[in-house]
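# Fold and contact review
Given next are the chains, with one letter for each unit.
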Amino acid sequence: PLTRKALCLEVSTLYELKAASDAADDRAGRPRQPLPEFIRTAYLRKYGLRSIAMRNLANLVLSVRAEAPSNAHARGFGLAAGMLERAAFLEGACDVLLQGLRGLFPPNQIRERFADGATAPLPAAAAAAAATPPPEP
């Protein structure tokens, strides 16, 4: 698994890439790609070979699951990406999370601001709130 620092850097990088991708989709009038699909596509682009990309994606999932109980950054990402609780995954959770991050920082500074995981509780709380289904009427 990734170290805590490496995981926070990877998650922050994925947030920043996703924010840029969403902005491009919005400008082009295309629907946004769901976060799980985006991560898979990003890893295929990053690693080239499908087998290497899927091995690294599996390592990311294992790392998120290992760190989530003690790391708010990993927990928020894991909830937004559907890596922790599939039943709790809501497609819009990532949109809520990234909207909050864009409101706090320029999109090209997300990685810089969150790579160490030190300032993660706010976005993690936003992701957790967004991933929680509304109560039954």
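Residues numbered from 1 in each chain as written. Predicted model: local features only at pLDDT ≥ 70, side-chain atom pairs only at ≥ 80, totals over all residues. Heavy atoms only, no water.

### Re the overall build of the protein chain
Defined as follows: Every helix listed is a DSSP run of H or I at least four residues long, and every strand listed is a run of E at least two residues long, numbered separately from the N terminus. Each residue gets one of three labels from its accessible area relative to the maximum for its type: buried under 20%, exposed over 50%, partly exposed in between, using a 1.4 Å probe on protein chains only. Residue contacts follow a heavy-atom distance rule, with two residues in contact if any of their heavy atoms lie within 4.5 Å.
Helices and strands together make up the secondary structure of the protein chain, namely 7 helices and 0 strands. Sequence-ordered secondary structure for the protein chain, helices as α and strands as β, is α-α-α-α-α-α-α. Here the protein chain holds 137 residues, and 39% of them are scored as buried. Taking contacts inside the protein chain between residues at least 6 apart in sequence as the whole, the part at least 24 apart equals 61%.

### Regarding the nonpolar core
Just so we agree on the cut-off: Nonpolar cores are built from buried Ala, Val, Leu, Ile, Met, Phe, Trp, Tyr and Cys residues. Side-chain atoms within 4.5 Å join them into one set.
In this structure, L14, Y15, L35, I39, L60, F77 and M83 are the most contacted members of the largest nonpolar core, which totals 26 residues. Where this core is concerned, the elements lending two or more residues are α1 (4–28), α2 (35–47), α3 (50–67), α4 (72–80) and α5 (93–104). Look past the residues within four positions of L35 in its chain and what remains in contact with it is K18, F77, A80, A81 and C94.

### Some words on the packing of aromatic side chains
To be explicit about the condition: A pair of Phe, Tyr and Trp rings is counted when the ring centres sit within 6.5 Å of each other, with Trp represented by its six-membered ring. The angle between the planes then sorts it: under 30 degrees is stacked, over 60 is edge-to-face, the rest tilted.
In this structure the tally under the stated criterion is 2 aromatic pairs. Ring centres 5.6 Å apart and planes at 75 degrees place the aromatic pair Y15 and F77 in the edge-to-face group. Note that Y15 is positioned in helix α1 and F77 in helix α4, a separation of 62 residues in sequence. On the accessibility criterion, F77 (0% relative accessible area) is buried. Both rings, one in Y43 and one in Y47, keep their centres 5.5 Å apart while their planes meet at 55 degrees; by these two values the pair is tilted. Placement of both Y43 and Y47 in helix α2 is noted, with a separation of 4 residues, approximately one turn of the helix.

### Remarks on the environment of S12
Residue position: S12 is located in helix α1. With 98 residues separating them along the chain, S12 and I110 place their C-alpha atoms 6.4 Å apart.

### Let's talk about α2
Here is the rule we go by: A helix is expected to reach a length of 1.5 Å times the quantity of its residues less one. This arc is taken over the directions from the axis of the helix to the C-beta atoms.
Helix length check: α2 (13 residues) gives 18 Å between terminal C-alpha atoms against 18 Å at 1.5 Å per residue, within 8%. Every buried residue of α2 is accounted for by L35, F38, I39, A42 and Y43. The buried residues of α2 occupy an angular sector of 130 degrees when projected down its axis, which confines them to one face. Where α2 terminates, the next one or two residues include G48, which has phi positive at roughly 80 degrees.

### Structural notes on the packing of α1 against α4
Inclusion rule: In this analysis, axes come from line fits to C-alpha atoms, helices being fitted only over the stretch in contact, and the angle between any two N-to-C directions falls in the range 0 to 180 degrees. Comment on the angle field: the value is read as roughly parallel under 35 degrees, roughly antiparallel over 145, roughly perpendicular from 65 to 115, and oblique elsewhere. Two helices cross in a left-handed way if the nearer one is turned anticlockwise from the farther one by less than a right angle. They cross in a right-handed way if the turn is clockwise.
Two elements in contact, α1 and α4, have axes whose closest approach is 10 Å; the angle formed by their N-to-C orientations is 40 degrees. Classified by the angle their axes make, α1 and α4 are oblique. By crossing handedness, the relation of α1 to α4 is classed as left-handed. Residues L7, C8, V11, S12, L14 and Y15 of α1 form the contact with α4, whose participating residues are H73, A74, G76 and F77.

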